[in-house]
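Observations on the model geometry
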Amino acid sequence: MSGASNSTWRNWAGNVTARPVREVSPASAAEVAAVVRRAAEDGLKVKAVGTGHSFTTAAATDGVLIRPDLLTGIREIDRTAMTVTVAAGTPLKRLNAVLAREGLSLTNMGDIMEQTVAGATATGTHGTGRDSASIAAQITALELVTADGSLLTCSAKENPEVFAAARIGLGALGVVTAITFAVEPEFLLTAREEPMTFDRVTGEFDELFAENEHFEFYWFPHTGNCNTKRNNRSAGPAAPAGRVSGWIEDELLSNGVFQLACSLGRAVPATIPAIARISSRALSARTYTDIPYKVFTSPRRVRFVEMEYALAREDVVDVLREVRALVDRSGLRVSFPVEVRTAPADDIALSTASGRDTAYIAVHLYKGTPYQAYFTAVERIMTAHGGRPHWGKVHTQDAEYFAEAYPRFGEFTALRDRLDPERRFANAYLRRVLGD
């Protein structure tokens, strides 16, 4: 473990910084517990950080910052229970690679895999799915160091009230040191990517959702164009995207050319609508079949700032049409596509899909572009429809709002009062979203 720190921690997008008193890299749950006890003796707050892919200050602290570098590795693969137990700081990309070598897979995942398993689950990272939910919903057990240095093991049978909340715990209940996920035998997914008009995809959204295991689409502002993606299980054979064609789509167009387009748009906003029309026609239809993580995830090298709201699924088309009308009438120049995904209802207290079938609308802007006017206008639309913001993405909501948005909000805050009465794990973000 390391000690005193004079360094500044920055998140991936560069919009959050923190200067902790000290940084530590514990390698075990016992070392994490020692860190927490010493911080209590010194009167310091404690926050664990992942790879910084949140856009909020959820992990920022001026106290003790726990880095994940040494708290990594696969602890156990249980083929009888069909679970994998992994240390909390393990990156999702490492977990995916190990599972693939073992002929196993998570059921669903988000669209990037750079995060640590604890960071991704703590903030409710999700992909898209008709029947399969977020990464946190695939947790069957977890290990948690609480404010007094105790180590709790939580599952549906052991400390079930903690398990019900801690799967998406925001770092408010303790430091997660290990997670057990349900896994299944590796399977193949066939991905079908296809351009589609805005009017068609919104008009046929219910059918596209119902007919596909995983459906999502991107709308390009200032145009009537979308790109859709349908992922469904396949009997095979595997037919990965060609090395050249895949590089053209995923690296050259989606990252290289898009980076240049965003840079130009930031420098000369008046060019954005024309760039959007060209960009929205650049991607072509393609179909490929591969193992899950190679279909669900893709490289994201263009840095951005993001806000995402979860809505009742039946409202998403009307809300997206409101967002389009806002962009059309406002004079805003939006260089990034708007992303729409879905998730089934789950039973996690602060999951954005808690208790209701859900659809997500995510808005982004290129790093360094002023985003407040766009995000504020979109947020007004989302809150008018009872939206729940992603915990790791930009939003302005507070505990009063969340007490109305989440039926089980009081259950979570009561558990926090019990596990962390002195607010050892508090920071400015948690004070805002959970209250004092």
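Some remarks on unusual backbone geometry
- Each neighbour pair has its own omega, and for Gly 236 with Pro 237 the value is 5 degrees, a cis peptide bond.
- Note on placement: Pro 237 falls in the loop between β15 (225-234) and α7 (243-267).
- The phi torsion at Leu 170 lies on the positive side, around 60 degrees, for a residue other than glycine.
- With respect to the helices and strands, Leu 170 occurs in the loop between α4 (160-166) and β11 (175-182).
- Positive phi outside glycine occurs at His 222, with the angle close to 75 degrees.
- Mapped onto the secondary structure, His 222 falls in the loop between β14 (214-219) and β15.

Here's the deal with the sheet that holds β14
- Spatially, β16-β13-β15-β14-β18-β19-β17-β20 is the arrangement adopted by the 8 strands of the open sheet, whose pairing is antiparallel. This sheet does not close on itself; its edge strands, each paired only once, are β16 (286-290) and β20 (388-389).
- Of the pairings in the sheet, the one linking strand β17 (residues 304-312) to strand β19 (residues 358-366) comprises 9 bridges and is antiparallel in character. Across the sheet, residue Ala 310 finds its bridge partner in β19, namely Tyr 360.

A closer look at the packing of helix α10 (residues 316-330) against helix α11 (residues 372-384)
- At a minimum axis distance of 10 Å, the contact between α10 and α11 shows a crossing angle of 145 degrees. Considering the relative orientation of α10 and α11, their crossing is right-handed. Only Tyr 374, Ala 377, Val 378, Ile 381 and Met 382 of α11 make contact with α10, whose side of the interface consists of Val 319, Glu 322, Val 323, Leu 326 and Val 327.

Quick notes on the pairing of strand β18 (residues 338-343)
- Among the 6 residues that make up β18, 6 are buried, leaving the element largely enclosed by the rest of the structure.
- Here β18 shows no split at all, with Val 338, Val 340 and Thr 342 on one side and Glu 339, Arg 341 and Ala 343 on the other all buried.
- Of the pairings in the sheet, the one linking β14 to β18 comprises 3 bridges and is antiparallel in character. Residue pairing for β18: Trp 219 is matched across the bridge by Val 338.
- Pairing of β18 with β19, which is carried by 5 bridges, proceeds in the antiparallel orientation. What sits directly across from Thr 342, in β19, is Ala 359.

Quick notes on the side chain of Thr 121
- With respect to the helices, strands and loops of the structure, Thr 121 is situated in helix α3 (residues 117-122).
- Given the relative accessible area of 3%, Thr 121 is considered buried.
- Beyond its immediate sequence surroundings of up to four residues, Thr 121 is in contact with Ile 135, Ala 136, Ile 139, Arg 167, Ile 168, Ile 179 and Phe 181.

Section: the packing of aromatic side chains
- Under the defined criterion, the tally for this structure stands at 15 aromatic pairs.
- Seen in terms of ring centroids, Phe 215 and Phe 217 are 6.0 Å apart; in terms of plane orientation they differ by 35 degrees. Their pairing is tilted. In this structure, Phe 215 and Phe 217 share a single accessibility class: buried.
- Seen from their ring centres, Trp 391 and Tyr 406 are 5.6 Å apart, and the 25 degrees between their planes marks the pair as stacked. Here Trp 391 is found in the loop between β20 and α12 (399-405), whereas its partner Tyr 406 is found in the loop between α12 and α13 (409-419), with 15 residues between them in sequence.
- Every member of this aromatic cluster is reached through a ring pair, and the members are Trp 12, Phe 55, Phe 304 and Phe 336.
- Above the plane of the ring of Phe 163 lies Arg 167, whose end atom (NZ or CZ) is 4.3 Å from the centre.
- For Arg 233, the ring lying beneath its charged end belongs to Phe 187, and the centroid distance is 3.6 Å.

Reading the values: the criteria
Residues numbered from 1 in each chain as written. Predicted model: local features only at pLDDT ≥ 70, side-chain atom pairs only at ≥ 80, totals over all residues. Heavy atoms only, no water. Helix = DSSP H or I, 4+ residues; strand = E, 2+ residues; numbered from the N terminus. Pairing = 2+ DSSP bridges. Axes fitted to C-alpha atoms, helices over the stretch in contact; angles between N-to-C directions. Left-handed = near helix turned anticlockwise from the far one by under 90°. Contact = heavy atoms within 4.5 Å. Buried < 20%, exposed > 50% of the residue type's maximum accessible area, 1.4 Å probe, protein only. Phe/Tyr/Trp six-rings, centres within 6.5 Å; stacked < 30°, edge-to-face > 60°. Lys NZ or Arg CZ within 6 Å of the ring centre and 35° of its normal.

Function cannot be read off these values alone, since they describe shape.
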